[in-house]
Each structure stands twice: as structure tokens, then as C-alpha cells.
Amino acid sequence: MKKLLLTAAIFFVATGGALSAERLSVLCGADERWCAEMKTSFEQKTGTRVSMVRKSTGEILAQLRAEKDNPKVDVWWGGTGDLQLQAASEGLLEKYVSPNKADLLGWANNFEEISKGQASGIYAGALGFAYNADILRKKGLPAPTCWKDLTNGTYRGEIQIANPASSGTAYTALATLVQLFGEDESFKYFKALDANVNSYTKSGSAPVKAAARGETLIGIAFMHDAVTLKQAGFPLEVVAPCEGTGYEIGAVSIVKGARNIESAKAFVDYALSPEGQATGKAAGQNQVPSNAKSEVPDGAPDITSLKLIDYDFAIYGASETRDRLLARFATEIKAADAQ
């Protein structure tokens, strides 16, 4: 009898156990604090054990490509949706339409349609830049208000932006300026801007964090990231560029071949619910949530009042467009010091 019980116990442990918690592997492209808040909240609600790893969106896409034949991740949550559209076009994502779709705002439903049901919009945020007001005053420099101001020689060595090869934020900036100025003019712009850039970071939010700490004067990033830092007491002034700007739709998707498909669907449903989207505010984030029933954080920029371009997610989320623009950026701008 003892031998029988021991054999059963060994089998129970080896197979994970019928009573063990469900598991889920998630790659997170949002802010680290939001990743942690979402993990804890979903675990408490469902009992599912979540492995949550934070990476830049370019790194996430690279990992899904590398693991295509043997996926080790179930869900991609957060970060700029352009790259999730590219993953969808490459057959890296599963189609799943959440029952919460009925409560989503128009821009989120439009994004899902572009992805052919393989990715869902969870938040929106406008691109801009922020400067450290204390440093600006000490150096007696003019306050920038437009994209083209940033190419002025007075800001030589004073600007940070991420590398679009690794950062979805920086790719949004690249695609935004191509749509604002035209492709050739935008690359002339980036060449001029390059003279003022002291570092190309890996993470999209790193430039405004550096500006907040006084390590650089100006950081190009999403406005909500800068607002969060300003709310925390850092001397940042947030700028919506005068020429107009682009925006992101952060997204969630299930990885093709996910091992924990039912838990993955439950996670997507939670990410699109008011309760799940409230984790952003709880983590001090200021994006605009996609569920019409969700509470909008007090510090979220009013994207309806901004001068936004008609950002073409279908074109600039396509593999061929992104690959071509990144190849040209690598050749003409290099950004060789990306960290």
C-alpha cells in the first residue's frame, strides 16, 4: 500500500498535479510597475500563476520569431501595437475575439479588425517629448515647442530618444515623422536630430526617465510616461509638438501555439475589462483605456484635444514597411550606441 501511495505521489509531482495552479507565461511591453500590478491582480482573481517578464516590444517580437517552432510564451501584453500587427502578419499570433469586445472604443475595435482578430487594443497614448525645466532654466535655453525645434544646435548633446530597432516607442516616432514630413524629409530631420542626441536607449520610456533625473535635458517618449513622472514630483514639462503628432495603441495578443490557451484567453478578457484596465491607474500609469466603462486616469492626456495625425496602423504596422524603415534608419542614422 505504501509503495502504491509513493508511486502515485511521484506521478502527481512529475505531471504537475491535478490540483496545482494553472500557469501562464506573459511577455510585458508596458512599464515595469504596471507589469507587476497586472501580474498580482490577475493571479489574485484567477489563482493562475503568472510568469511575467518585461521587455521592449522589439525584443518581444524577436523572441516570438526565434521561438516560432516551439513557443515558450502564451501572451504578449502591452507595448506599441504596431509590432503586434507585424507579428500577426507573420503568423505568430492566435485569433481570439474577447466577449469584452462589445465594450471597447472605436479605435480599439478598428485596431482589432486590422489585426484580423489576432490583437486587441488595451490603451492609447500620444507621442511627444518632455524637458527638465530646472536644467533649461539653469542653462538659459529656450523651451522647445515643436519637433523641428529639437534640431536646433542650441540643444547639442541634450536629447535622448530610443532606438527604433528595439523600441516600439521610437518606431512610432519614426513612423510619425515619416507621415508628418514625408519619408525623405523625415530622414533629413533625423540626421539633423542625431547631432543633438547624446544616447539612443533600448527602452522607449528611458529618455524621459533620464530627463526627470537630470541626466539629459529632453526626452522623446509617450506623453503619458512623462506625465507619470511629473506627478511623482520631477521637474518635467510635457510638450505636444506644434506640427502634430502620432499615437500608439497598446495591445494584447495570444501567441500562436500557446501551451496554456484557456488561461491565455482569460488573461486577454481580463486585460480588456474595466477591472483589468484599472491596474494601470493603480500602477500610476496615465494611458487612455480602451474599455468605454473603464475609468480614465486623472493625468491621462486628452487625446481628443491634441493635434493628432491620422496614423496609418495598417501600413506602418506591416512587416515590409517596418523592416524597410528600420533598415534605412540603421544605414543612415546608425544609432550605434543604443543601450
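Described in the following lines is the structure provided in the data block.

Rules used in this analysis
Residues numbered from 1 in each chain as written. Predicted model: local features only at pLDDT ≥ 70, side-chain atom pairs only at ≥ 80, totals over all residues. Heavy atoms only, no water. Disulfide = S-S within 2.5 Å. Buried < 20%, exposed > 50% of the residue type's maximum accessible area, 1.4 Å probe, protein only. Helix = DSSP H or I, 4+ residues; strand = E, 2+ residues; numbered from the N terminus. Phe/Tyr/Trp six-rings, centres within 6.5 Å; stacked < 30°, edge-to-face > 60°. Lys NZ or Arg CZ within 6 Å of the ring centre and 35° of its normal. Salt bridge = Lys/Arg side-chain N within 4 Å of Asp/Glu carboxyl O.

With that settled, consider the state of the cysteines. Going through the model one piece at a time under the given rule, you end up with 2 disulfides. Disulfide partner of C28: C35, at an S-S distance of 2.0 Å. Taking the torsion about the sulfur-sulfur bond, which here is approximately -80°, the covalent link between C28 and C35 counts as left-handed. Among the residues examined, C35 registers a relative accessible area of 4% and is labelled buried. Disulfide pairing places C146 opposite C242 at an S-S distance of 1.9 Å. Measuring the twist about the S-S bond at about 120°, one finds the C146-C242 disulfide to be right-handed. Taken together, the positions of C146 in the loop between α6 (133-139) and β6 (159-162) and C242 in the loop between β9 (236-239) and β10 (247-255) put the pair 96 residues apart, joining distant regions of the chain. With its disulfide-bonded cysteines labelled consecutively along the sequence, the protein is connected as 1-2, 3-4.

This part is about the packing of aromatic side chains. Under the criterion given, the structure shown has 15 aromatic pairs. With 5.8 Å between their ring centres and 85° between their planes, Y189 and F190 make a pair best called edge-to-face. Since its relative accessible area comes to 6%, Y189 is described here as buried. Judged by its relative accessible area of 4%, F190 is buried. Joined through ring pairs, the aromatic side chains of W34, F42, W77, Y123, F267 and Y270 make up one cluster. Lying across the ring of Y171, R322 places its NZ or CZ 5.7 Å from the centre. In this arrangement the basic side chain of R328 is found over the ring face of F187, its NZ or CZ atom lying 4.4 Å from the centre.

This part covers the pattern of salt bridges. A side chain of one charge can pair with a side chain of the opposite charge when the charged atoms of the two come close. Using the criterion set out here, one finds 21 salt bridges in the structure. Linking K139 and E158 is a salt bridge whose minimum nitrogen-to-oxygen distance equals 2.6 Å. One end of the pair, K139, is in helix α6; the other, E158, is in the loop between α6 and β6, and 19 residues separate them in sequence. Relative accessible area serves as the criterion here: at 46%, K139 is assigned to the partly exposed category. Residue classification places E158 among the buried residues on the basis of a relative accessible area of 11%. Linking E215 and R213 is a salt bridge whose minimum nitrogen-to-oxygen distance equals 2.9 Å. By sharing partners, the salt bridges in this structure join E183, D184, K191, R324, R328 and E332 into a single network.

These figures capture arrangement, not role.
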